[in-house]
Structures are given as structure tokens and as C-alpha cells.
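Architecture and fold: a report
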Amino acid sequence: MLCAIFQLLFLFGIHAPVKAVALKCEYLSNPIGIDAPNPRLTWQLSDDKQGAKQTVYQITVGTDSLAVSNGQGIAWQTDKVNSSTNLIAYAGKALQPYTKYFWSISLWDKDGKKIAAPTIASFETGLMGIKNWKGYWISDDHDINTKPASYFRKTFETGKKIVSARAYIAAAGLYELYINGKKVGDHRLDPMYTRFDRRNLYVSYDVTADLQTGKNAIGVILGNGWYNFQSVGVWDFERAPWRNRPAFCLDLHVTYDDGSVETITSDKSWKTSFGPIIYNSIYTGEQYDARLEQPGWDTANFDDTKWNGIANRQAPSLNIVSQAMQPIRNVEKIICKSMSKINDTTYIFDMGRNIAGVSQITLNGDSGTIVRLTHAERLYKNGYPDQSNVDYFLSTPTRKSDPFSTDIYKLSGKGQETFMPRFNYKGFQYVEVTSNKPISLTKESLVAYFMHSDVEPTGSISSSSELINKLWAASNASYLSNLFGYPTDCPQREKNGWTGDAHIASETGLYNFDGITIYEKWMADHRDEQQPNGVLPSIIPTDGWGYEWGNGPDWTSTIAIIPWNVYLFYGDPKLLSDCYGNIQRYVNHINELYPTGLTTWGLGDWAPVKSKTPVELTSSAYYYVDVNILAKAAKILGKAGDYAKYSTLATKIKDAINAKYLNPKTGIYAEGHQTEQSVPLCWGIVPDSLKAQAAAHLADSVAANNFHLDVGILGAKAILNALSENGQAQTAYRLASQDTYPSWGWWIVNGATTLYENWNINAPRDLSLNHIMFGEIDAWLYKALGGIKPDETQPGFKNILLSPNFVTGLDHFEATHTGPYGKIISSWKRVGKGINYAVTVPANSTASIVFPTNDGKKVYANGKELSIQNNYQLQAGSYEFEIK
Ligand code: BGC
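Residue numbers here run from 1 along each chain, matching the order of that chain's written sequence. Confidence filtering applies because this is a predicted model: local features only for residues at pLDDT of at least 70, side-chain atom pairs given and counted only at 80 or more, and all residues used for totals across whole chains, interfaces and linings. With hydrogens and water set aside, each side-chain value is computed from the structure's full complement of heavy atoms.

You'll find the protein entered in an unreviewed UniProt entry as alpha-L-rhamnosidase, with Mucilaginibacter mallensis given as the organism. UniProt positions are given in the numbering used here, feature names are shortened, and annotations may be inferred rather than shown by experiment. The heading Catalytic activity (unreviewed entry) in the UniProt record of the protein holds the text "Hydrolysis of terminal non-reducing alpha-L-rhamnose residues in alpha-L-rhamnosides."

Quick look at the structure:
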């Protein structure tokens, strides 16, 4: 609505107010619990005037909001800095723990005029180091095989008036925190999964409003999560080296109106008891006996004389850091699309789309009635849930007591009751509800929640093709279904942090969502898992599985590719710098093992259609990518010696690949299959002089295959880009919009709302219906059709590269991406025989456009022909062009 008003004002020559907006600290809005000693501050200039930019900035940081808004900061006050940067790391006096800082940014515009009032925001520090914890790590004294989850409680009394209160809670396992009968916050599955014996996360909450003068109660429920994995599967998580009964540590800081501060902590004064959660597994499901509920367990006047004392425990690691990232939430409520009643003990709910998350049931029934909720992605022909595409990694002997993707609920019989699991999620579209006694359910009895890391959307695609629009939505749904504080392969069968899937999907993620905090956390997981010799496991985090299988450079190149992509999209070199030594160790290790420059280490083009590509070709290509990124990172970080060394190594690898696989007369690699041609083209391995020939061969072989895919996941990452970056965008589009087997569109026309693991929708196995590993097509829509690309010489979309392709088959196409400077729009539509192309370049950034005019068309702006059509430079603002 606001947007529409501003657009209207714009038409009348009235501009939206000019100001600094989107102030963030560590990429979060007004966060609490910041541990970074030099947190990064970022902002945007909102100014829709043509050529708008920031020429000078000044930052003020202090603890008094009024003083800060008047431009006085006791912590940090920069000079007026002549710069257009919008990212700066705090460099004032040492930040103090548990302290709220306000910061303001004053900006001067392109004419050197100060922009009205400074904008003010805040960040609050957390514990800033393990030495500041006051509480003990506590648990119950049950063993790791004990099934019920434990509840913990403590009461405390205060006569003073509370002015502010913060709860800091670290847990090994999962927790939910309650104060005075209410759950604190809306996070789900906190804290995020890490390698628990190396790094633990704590979460900070403002609980001022939850406490009261007088008596208070704090409650904690602990779940197993990945810490105390009780299901038995093929990855050995039940034998994880960190495994133990869940534990937590809590500090509650209460500040009173007389200025005094009291810290209530986890210690021997707490009490514990089992409750209604009789089993919980992050992998399979939750079992809940409502008859065991203890109403009021988290309130002050509850009688806990029957509760037990707690046990002190060692901390799981000595590295306890703030979880400064977007939490997992129940982001979207999904209403059931249809329900079929088989009989009065069996009902099947269809949620209408495939998601990751949980279902929630509301019902009445006799006390002790047992209800099973079985989740599945598809149904058998007879209408019953079919889990056979995803359930086969769970051990058979334990299935009876620990069924796959199934919650079991026992009714209390006290009227209407509602159940939703706390410590589990699943991947599903259908829920079968069965009961051991008749129950009466309606379509409204069950809803679902789409859960994922709650990252803000930053991109959109809309076009005249329904298939393309659905493909974009399906890949975003799969991307989010696989984002739970770390990227996963699938939300049902594995929930593993498969490295290969994640680097393949990272551009799709970064075009569509503001996910830097998740990637930075996951790269810290990488650093925790790397062997001293540089080797990384294929799944991260891991209990040790994956150091010997699947962890060649085609998968574990995450260590280089993700920091590089984050650098391109955010213009922030911190992650590259944090991972620099790790990339170097990784690359050096491969160099030692494979001194020729060619490596056979890897899985190769996983899940192919028919043709097989030599593993050596694809793995050596990824090795080249890593070394190339390392060389570029060395240059960015001012390491001249490394830059020279790794540039030379990169050239050696490239030459070795070309010497063995490229026919220099024809431009054909190996047998010339789709993946064989695409991977060298996409990753910059093909000599310039042969690019056109190599791409033409690729386009011909695609045409010979009747515009169908013949690739696995590495080929699917490369093929569309290999074509569109080398003059074959039309062929790329025909592949991307294909709707018969094998193609992305084939899934969609068969009803997919997410992306699959296998091109063949009837494959007997390896057919999860929610994998993101074929998801590059989504990023490609932005890159090739919208033509929005980051410029590595001015990353973070400081300069935007725009090179749209007006492909036949589409009448209109629009891509938008909100980068660090604001919203970029690239939108085109056919008008008669020509194209109208509209572009928005956000304030304080620029763009270089390459118009697709190789068909002899000319470009006009305001009716006048443009003389330059290649690298046409634009200042900030909105523009329209005609190409005819
Ligand atoms: C996973 C993949 C993964 C692959 C590696 C599968 O089980 O689901 O997505 O990349 O294994 O081999």
C-alpha cells in the first residue's frame, strides 16, 4: 500500500522521503545477544532520485539514545567519512557485555547536502565470552536411552520493580523456555544444530514483560535433537561422540529500578520431572501422552514436592557463542486442502503442497485413545500414505517403537485437545490419522506449519509462463524446506547437511533470501569439522560419518564457493577472510594428493539421466574453482604471494583438464555429452577462443536430444548458464521450459510443488520429493532472463551487471532482487515487434547494461537511439528503454 502511494507521488514528481533505512547490525534488525567484538553495521540510502548516492557518512554509537540521536556517541564517533560504503565494522571503544548500544547514521547526498535527521537503531551485546556465564550446566540424572523428555523448573521472588530482564540460554539438545506459564519467544527447534563437542549456541531473549514483581517461575523442557539421537539409521548418529542426555545452562539477568542487577541461574535449586513427551526424535517423530500433563508446571504456585533434584554436568564444549541468526519458526500456516474419511478410525489429510514442518491436530476423544499421525509425501493408489520413497534408511528392528515420520498422541479425554510436536519436523504433503477407538474429525481438525529458518525474501520472479512461475515457487519451497539453521538435502529421509547440494543451491538461496547469517553459521560448522590435514566431511555437521565417502571437491567445495558467493552478494569479505586458512588447507591437501592437477576424488555427476561423465573431469573442475576462488580471495585480502602461487596452480589445473579432455579442433570435451560440455563452460575452463564452438556443440547436442536434459546434479548446475553465458540463451530457455521427461517442467506438470531428487518420477528409490540439488534453475532465471548479476569488481551489487535475454516463448518477464543497496528491478515485455525494458537501480549503486541486440535491433531511451549498447552505464534511478 505504502509502495503504491510512493509510486503515485513519484508520477507527480514528488519523491519519497530521503533517508537511511534498513539499519542492521550483524545483518539483523536491532538484535540482542551480539558477541562479535567488532559487529558489522549496514544500511541503505532510500532516495529514488536519478543519480542518488551517498557521498559522506558519519556513525555515532553510544548507550544513551537521546545523545546518539543528537550525534553524540560515547562509544564510537567516526569523522565525516568521504565514502559511499554502506558496511562498516564497529571500531570504537571495547564493547561491554549485556549492554544496549544505540547507533545512528548521518548521510550526505550526491550534492554534499546532509540528509535530514539521522536514523537510529540499536544492538545489544550478549555474554561476549564464556567467562561471563554464572549458571551451571544442569540435566536430570537419567541415561541416554531414557525416552521421556525432562521438564525443569525454578521459582524466585522479588520485591523490587523490574525495569529490564534478559534470559540467556544455552542447550545441548533442544529446549523450550517458559516463564510464568508462557513460552518465551516464537523460535522453534532452538538452538541450531552444531558439532556439539566443539561449539554450542546460546539464545538471548528480552523477557522484561514476562516477569513480575513477587513470585516468578521459570520452566525449561529439553528435547534430544541431534545431541541425543535415539533413532537408529545408517549415519550412526546414535553413536555420535558428543551424545549425552540433554542439558542446559541459563542466566537470567534482572535489572531493578534501583539500578541493582540480579542473576538467576541454572543450579542445584532447580527441580526436574518427566512430563507428557514420552519420546522425541528429531529424525522420526514425537510421542505424547496428554494424561501425563502437569498443568501449571511452569507457574509459581505449582506444587513441585514430587519433583526431583537436578544433576550438575560438564559443559558440552568450552566454546559457547551467541546464536545471532534468523531463528527457525512456524513461518506459514497451511490449511488442509481436502480430507478423506476412510472409516471412523482412519482419515487422510491432503495439505495441497509438499512442505517441511509439522502438523497440528485438534480433537476430542476418550482418555487414553491412541492417535497416530503418519506423514508422507505421496499416497499409494489405494489412497494410503506411501513412505517407501524416503523411509529406507531407518533401521527396521526399531521401527515398531519409533515409526518413521510419525507422531503418536494419547488423549487426556478432558475435552478439546490440541497437539503439535515440539522437537521434531518432517517432510510431507499428506497426513494419515488413525486411532484405536473411533474419533470424529473434520477437514479443519488438522493444519500444518511450514517451518524453516525464517530468512527474509529478497527476490521475486514473475513471467508470462505459468510453468516458469511454478518452477520458481517450487525451487524456493525446496530451498526453504531445506534450511534449518544449516542447509539440508531433504527434510524427510535424511535432514543431513549435504555439502554438494548446498553449494549448488547457494546462488538460488542468495537471490531469493537474506540468508547470510545461516551461511556464516554453517561455515563455522565447516571450520569445526575440518581435519588438520584439510579434509572435510561430506555432511556437515557430522558425528564422524562422511570423512571417507562423498567428500571430494565436487561436494566439499562449499568451503570456497559459499564464502565467495556471500562475498559477491553482500560485498562483505569477512566470511572469505574467516575461511581463508581453511580453503588453503583444503586446496593444499588436494594438491599433495593429486600433483598433476587432475583429481578423481568425488562422486561425480550424481543422479544422471543416462550419460556418464568421468568423475575426473567434474572433480578437477571443482578443484579448479576452489583454487581460483582462493587466488581471488588472496588478492582481495592483500596476500600477494598467495595470489601468485594459487593463480599459477589454477592455470595448471585448467591446462591439465584441457590437455586430457578437450579436443582443440572441435571444442568438444570427452564424448561431448551435456555435462561434459557444460561444466568446463560454466566454470571458466574453456579457452576463450573455443567458447563459442564448445557452446554451439552443447546447443546442438541439446537440440539432438529434442531439448531434453541428459545431466545429473553437476550438469544441472552448469548447463543453463553454460548456454546462456555463451550466446545460446534461446536453447537454455527451451530446456528450462521443457515439460516432458526428462526436464524440470515434467515434475511440475505432474503436480510437483517442490523439486525432486530424481528426474524419473517413477524411480524405485532415490526419489525424495523435496531436494534442492537440482535447484540452480531458479538462480538462472535471475541471471539469464532478468540478467541481474553481481559484479565481482564491485561486489554486493554496488555495480549491477544487467544482461537480460528476451527469449522467444515469453511475453514478459520480471526479476527483482533486494541487495545491500536496495531493490533492483529488471522487467521486460513485448510490445509489437519490440521490447520495453524497465530497470531500477537503487540509490548509491550503479549498473552496466549489455542489451541483447545481436539480431540487429536498436535501443532507444526517451525516443532517442543509444550509441552504446554494450556496457551502457546507469546511475541510480528508474529507466525505460525500447529495443526494436
Ligand atoms: C543425499 C544427497 C547427497 C547424496 C550424495 C544422498 O543420499 O540425499 O542429496 O548429495 O546422497 O551422495
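Continuing now.
1. Comments concerning the UniProt feature "domain: Alpha-L-rhamnosidase concanavalin-like" (unreviewed entry) in the protein
In the UniProt entry, the feature "domain: Alpha-L-rhamnosidase concanavalin-like" (unreviewed entry) is given for residues 341–452. Each helix is a run of DSSP H or I of at least 4 residues and each strand a run of E of at least 2, with the numbering of both proceeding from the N terminus. Between the first and last C-alpha atoms of residues 341–452 the distance is 30 Å; the span itself is 0% helix and 51% strand.

2. Thoughts on the packing of helix α4 (residues 499–512) against helix α5 (residues 516–529)
Packing of α4 against α5 leaves a shortest axis separation of 13 Å and a crossing angle of 160°. Compared by their axis directions, α4 and α5 come out roughly antiparallel. The way α4 lies across α5 gives a crossing that is left-handed. On the side of α4, the interface is formed by Thr 499, Ala 502, Ala 505, Ser 506, Gly 509 and Leu 510, while α5 contributes Tyr 519, Trp 522 and His 526. Side-chain classes follow a simple rule in which Ala, Val, Leu, Ile, Met, Phe, Trp, Tyr, Cys and Pro form the nonpolar group, Asp, Glu, Lys and Arg form the charged group, and the remainder, Gly included, forms the polar group. Considered class by class, the residues forming the contact of α4 with α5 number 5 nonpolar, 4 polar and no charged. To get an axis, fit a line to the C-alpha atoms, keeping to the stretch in contact for a helix; angles then go from 0 to 180 degrees between the N-to-C directions. Any angle from 65 to 115 degrees is called roughly perpendicular, while one under 35 is roughly parallel, one over 145 is roughly antiparallel, and all others are oblique. Two helices cross in a left-handed way if the nearer one is turned anticlockwise from the farther one by less than a right angle. They cross in a right-handed way if the turn is clockwise. Here a residue-residue contact requires only that any non-hydrogen atoms of the pair lie within 4.5 Å.

3. Quick look at the sheet that holds strand β1 (residues 19–25)
DSSP-based pairing: two strands are paired if at least 2 bridges between them are found. The strand order β1-β3-β7 describes an open sheet built from 3 strands, whose pairing is antiparallel. At either end of the open sheet lies a strand with only one pairing partner, and these are β1 and β7 (87–89). With strand direction ignored, the average angle separating the axes of adjacent strands in the sheet is 25°. Of the strand pairs in this sheet, strand β3 (residues 40–46) and β7 are connected by 3 bridges, and their pairing is antiparallel. Counterpart to Leu 41 in the pairing with β7 is Ile 88.

4. Re the pattern of salt bridges
Every case where a carboxyl oxygen of Asp or Glu lies within 4 Å of a side-chain nitrogen of Lys or Arg is listed as a salt bridge. Across all of its chains, the model carries 47 salt bridges by this definition. With its nearest N and O atoms 2.5 Å apart, the salt bridge here joins Glu 124 to Arg 166. A residue pair is termed long-range when its members are at least 10 positions apart, and Glu 124 in strand β9 (residues 119–125) and Arg 166 in strand β12 (residues 162–172) qualify at 42 residues. The residues Glu 124 and Arg 166 share a single accessibility class, namely buried. The shortest N-O distance in the salt bridge between Arg 291 and Asp 289 comes to 2.9 Å. With a relative accessible area of 7%, Asp 289 lands in the buried category. Remark: exposure states derive from per-residue accessible area (1.4 Å probe, protein chains only) relative to the maximum for the residue type, with buried under 20%, exposed over 50%, and partly exposed in between.

5. Structural notes on the site of the ligand
Taken together, Asp 489, Arg 493, Glu 494, Trp 498, Asp 501, Trp 549, Trp 555, Leu 603, Trp 606, Glu 757, His 771 and Met 773 form the complete shell of residues around the ligand. For this analysis, a polar contact is any N or O atom pair within 3.5 Å, provided that within protein one partner can donate a hydrogen and the other can accept it, and provided that sequence-adjacent residues contribute only side-chain to side-chain pairs. Asp 501 places a polar side-chain atom, nitrogen or oxygen, 2.4 Å from an oxygen atom of the ligand. Looking at side-chain class alone, the shell around the ligand contains 6 nonpolar, 1 polar and 5 charged residues. Any residue with a heavy atom positioned within 4 Å of a molecule or strand is treated as near that molecule or strand.

6. A short note on helix α3 (residues 466–481)
Over its 16 residues, α3 extends 22 Å from the first C-alpha to the last, a length consistent with the 22 Å expected when each residue adds 1.5 Å. Counting buried positions along α3 yields 12 of 16 residues, so the element is predominantly enclosed. The complete set of buried residues in α3 reads Leu 467, Ile 468, Leu 471, Trp 472, Ala 474, Ser 475, Asn 476, Ala 477, Ser 478, Tyr 479, Leu 480 and Ser 481. Every helix has an expected span of 1.5 Å times one less than the residues it contains.

7. Structural notes on the domain arrangement of the protein
Domain start and end points were adopted from an automatic or database domain assignment. Entries for the protein in the domain assignment read domain 1 (23–125), domain 2 (130–325), domain 3 (329–452), domain 4 (456–785) and domain 5 (800–883). Taken over C-alpha atoms, the centre of domain 1 sits 48 Å from the centre of domain 3.

8. Overview of the nonpolar core
One finds Val 433, Trp 744, Tyr 837 and Phe 881 to be the most contacted residues of the largest nonpolar core, which totals 216 residues. Here the element with the most residues in this core is helix α9 (residues 615–636); it accounts for 12 residues. Not counting chain neighbours up to four residues away, the residues in contact with Phe 881 comprise Ile 835, Asn 836, Tyr 837, Val 839, Ile 849, Phe 851, Val 859, Tyr 860, Ala 861, Leu 866, Tyr 872 and Leu 874. Core analysis: the second largest hydrophobic core is formed by 27 residues, Ile 138, Phe 156, Ile 162 and Ile 310 among them. Nine residue types can take part in a nonpolar core, namely buried Ala, Val, Leu, Ile, Met, Phe, Trp, Tyr and Cys, and a core is a set of them joined through side-chain atoms within 4.5 Å.

9. Quick look at the packing of aromatic side chains
Whether two aromatic rings pair depends on their centres lying within 6.5 Å, for rings of Phe, Tyr and Trp, where Trp uses its six-membered ring; planes under 30 degrees apart make the pair stacked, over 60 edge-to-face, and the rest tilted. What the rule picks out here adds up to 55 aromatic pairs. A ring pair is formed by Tyr 288 and Phe 419, whose centres lie 5.4 Å apart and whose planes are at 45°; its orientation type is tilted. Of this pair, Tyr 288 sits in strand β21 (residues 286–289) while Phe 419 sits in strand β32 (residues 417–419); the two residues are 131 residues apart in sequence, bridging distant segments of the chain. With relative accessibility at 3%, the residue Phe 419 sits in the buried group. Between Trp 747 and Tyr 756 the ring centres are 5.5 Å apart and the planes differ by 35°, which places this aromatic pair in the tilted class. The criterion for a charge sitting over a ring is simple: Lys NZ or Arg CZ within 6 Å of the ring centre, and within 35 degrees of the ring normal. Over the face of the ring belonging to Phe 707 we find Arg 734, whose NZ or CZ atom lies 3.7 Å from the ring centre.

10. Overview of a nonpolar patch on the surface
To count toward a patch, a residue needs a relative accessible area above 30% and no salt bridge. Like charges then connect within 9 Å, nonpolar side chains (Val, Leu, Ile, Met, Phe, Trp, Tyr) within 5 Å. For the accessible areas, the method is Shrake-Rupley and the probe is 1.4 Å, while residue cover comes only from the protein chains on display. Side chains of Ile 342, Tyr 380 and Tyr 384 sit close together on the surface and give an oily, nonpolar patch of about 260 Å² of accessible area. Within the secondary structure layout, Tyr 380 lies in the loop between β29 (378–379) and β30 (385–386).

11. As for the pairing of strand β16 (residues 214–223)
The buried fraction of β16 is high, at 9 of 10 residues. Where strand β11 (residues 150–158) lies against β16, 8 bridges are found, and the strand directions are antiparallel. The partner of Arg 153 across the bridge, within β16, is Gly 219. Of the strand pairs in this sheet, strand β13 (residues 174–179) and β16 are connected by 6 bridges, and their pairing is antiparallel. Residue pairing for β16: Glu 176 is matched across the bridge by Ile 221.

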